[in-house]
Amino acid sequence: MNDHKGILLESGTNELEIVEFQVGQNKFGINVIKVKEIIQPIGITFIPHAHPHVEGIVQLRGEVLPVVSMNRVLGIPIQNKSDQEKFIVAEFNKQRVVFHVDNVTQIHRISWDQIEKPSDIYQGSSSHVIGVIKRQEEMILLVDFEKIIVDINPESGINVESVKKLGKRERSDKKIVIAEDSPLLRKLLHDTLTEAGYANLEFFENGLDAINYLEQLTKVTSDISEHVQIVVTDIEMPQMDGHALTKKIKEHNNLSKLPVLIFSSLITDDLRHKGDQVGAEDQISKPEIAELVLKIDKFIL
């Protein structure tokens, strides 16, 4: 698992590979793209007064990394110590974190349209589940790892203050279409972009809803730029991911001129080529919201 670049998928196919892991009797998933390696547990140094979800720190090849207990995050009691326990070393949002799980079982290749959005009835605002994958008789829950880290360290999230530092801003009625599945991030994007002067925002929970909306618009206008000036999209979303959305926009006769910015925790040097392949105008790593605002300025003002 140390080097899985060989299994990275072609961009825009709307597929992903997930690492299935266990916590207690439950099965969960993490996008392979976030996983740097999977290792046997090593000695953890306890940190006094750390966040309750943090077990401590480890030293891995000279780098000091926090270890997050997935039992504590998910509220699953530790029944008995398993000899199958693993450390998942993950990287996203420009940071590395170790997630302590009971077992890592297998890798699945699936399509985003096989992932259902959790129902509001059992979801709740504090839930860490962003998708439900049904496989034969079982279900795998896709976990929101970004939310886990923001809960532990709110400073690592999107910060309105960084936009305020851009100084006094002109109001703009230019319309921005945004595809983002996280309710928390939709609210933060709404607040920060409004603060930055962009109040004409249309949000969608996934790429499929966004492309359906855009395609409907092309039926009433031959010039999409009269209605929408730019699209901002996350990558990981149920039904249709951001790479597939970008590819569909760029391959559509009446939409291809529309600038697309990818705003995701998965923008790394290793993965930037995937956004380039599908024709995105630019890619910004979460949580760099001020950088996103400056890129929006560049393309539509």
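Quick notes on the rules
- Residues numbered from 1 in each chain as written.
- Predicted model: local features only at pLDDT ≥ 70, side-chain atom pairs only at ≥ 80, totals over all residues.
- Heavy atoms only, no water.
- Helix = DSSP H or I, 4+ residues; strand = E, 2+ residues; numbered from the N terminus.
- Rg over C-alpha atoms; globule rule 2.2 N^0.38 Å.
- Buried < 20%, exposed > 50% of the residue type's maximum accessible area, 1.4 Å probe, protein only.
- Contact = heavy atoms within 4.5 Å.
- Areas by Shrake-Rupley, 256 points an atom, 1.4 Å probe, with all protein chains shown as cover.
- Lys, Arg positive; Asp, Glu negative; His and termini not counted.
- Charge placed at Lys NZ, Arg CZ, Asp CG, Glu CD.
- Salt bridge = Lys/Arg side-chain N within 4 Å of Asp/Glu carboxyl O.
- Expected span 1.5 Å × (residues − 1).
- Arc of directions from axis to C-beta.
- Core = buried A, V, L, I, M, F, W, Y, C linked by side-chain atoms within 4.5 Å.

**Some points on the overall build of the protein**
Helix and strand counts for the protein come out as nine helices and 16 strands. The C-alpha atoms of the protein give a radius of gyration of 20 Å, which matches the 19 Å a tight globule of 301 residues would have. By principal-axis analysis of the C-alpha atoms, the protein measures approximately 60 × 45 × 40 Å. Counting across all 301 residues of the protein, residues that qualify as buried make up 53%. A separation of at least 24 residues holds for 64% of the contacts in the protein among residues at least 6 apart in sequence. Carbon and sulfur atoms form 47% of the exposed surface of the protein, whose accessible area is close to 14,300 Å². The average position of the 34 basic charges and that of the 46 acidic charges among the side chains of the protein differ by 2 Å.

**A few points about the pattern of salt bridges**
The final tally for this structure, using the stated rule, is 21 salt bridges. Salt-bridge contacts for Glu116 lead to Lys134; the nearest nitrogen and oxygen are separated by 2.7 Å. Separated by 18 residues along the polypeptide, Glu116 in strand β9 (residues 115–116) and Lys134 in strand β10 (residues 129–135) bring together distant segments of the chain. On the accessibility criterion, Glu116 (38% relative accessible area) is partly exposed. Lys134 gets classed as exposed once you look at its relative accessible area, which sits at 52%. The residue Lys175 makes a salt bridge to Glu202 at a minimum N-O spacing of 3.2 Å.

**Concerning helix α5 (residues 183–195)**
In an α-helix there are 3.6 residues to a turn, and that puts residues three or four apart on one side. If you check α5, its first and last C-alpha atoms are 18 Å apart, about what 13 residues at 1.5 Å a residue would give, namely 18 Å. For α5, the full list of buried residues reads Leu185, Arg186, Leu189, Thr192 and Leu193. The buried residues of α5 occupy an angular sector of 140° when the element is viewed end-on, so they sit on one face. With respect to the buried face of α5, the exposed residues turned more than 90 degrees away are Pro183 and Lys187. Where α5 terminates, the next one or two residues include Gly197, which has phi positive at roughly 100°.

**Brief notes about unusual backbone geometry**
Among all residues except glycine, the phi angle is most often negative; among peptide bonds, the trans geometry is most common. Looking along the chain, the bond that leaves Lys286 and enters Pro287 is cis, with omega of 5°. If you trace the backbone, Pro287 turns up in the loop between β16 (282–285) and α9 (289–300). Phi at Gln136 takes a positive value of approximately 45°, unusual for a residue other than glycine. When you line up the elements, Gln136 lands in the loop between β10 and β11 (138–143). Judged by its relative accessible area of 72%, Gln136 falls in the exposed class.

**Brief notes about the nonpolar core**
Formed by 29 residues in total, the largest nonpolar core has its most connected members in Phe21, Ile30, Met70, Ile88, Phe99, Phe145 and Ile148. The set of elements that each furnish at least two residues to this core consists of β1 (15–23), β2 (26–31), α1 (70–74), β6 (86–92), β7 (95–101) and α3 (145–152). When residues no more than four places from it in sequence are discounted, the contact partners of Phe145 are Phe21, Gly29, Ile30, Met70, Phe92 and Phe99. In terms of nonpolar packing, the next biggest core, distinct from the first, is built from 20 residues, Ile158, Leu189, Leu201 and Val293 among them.

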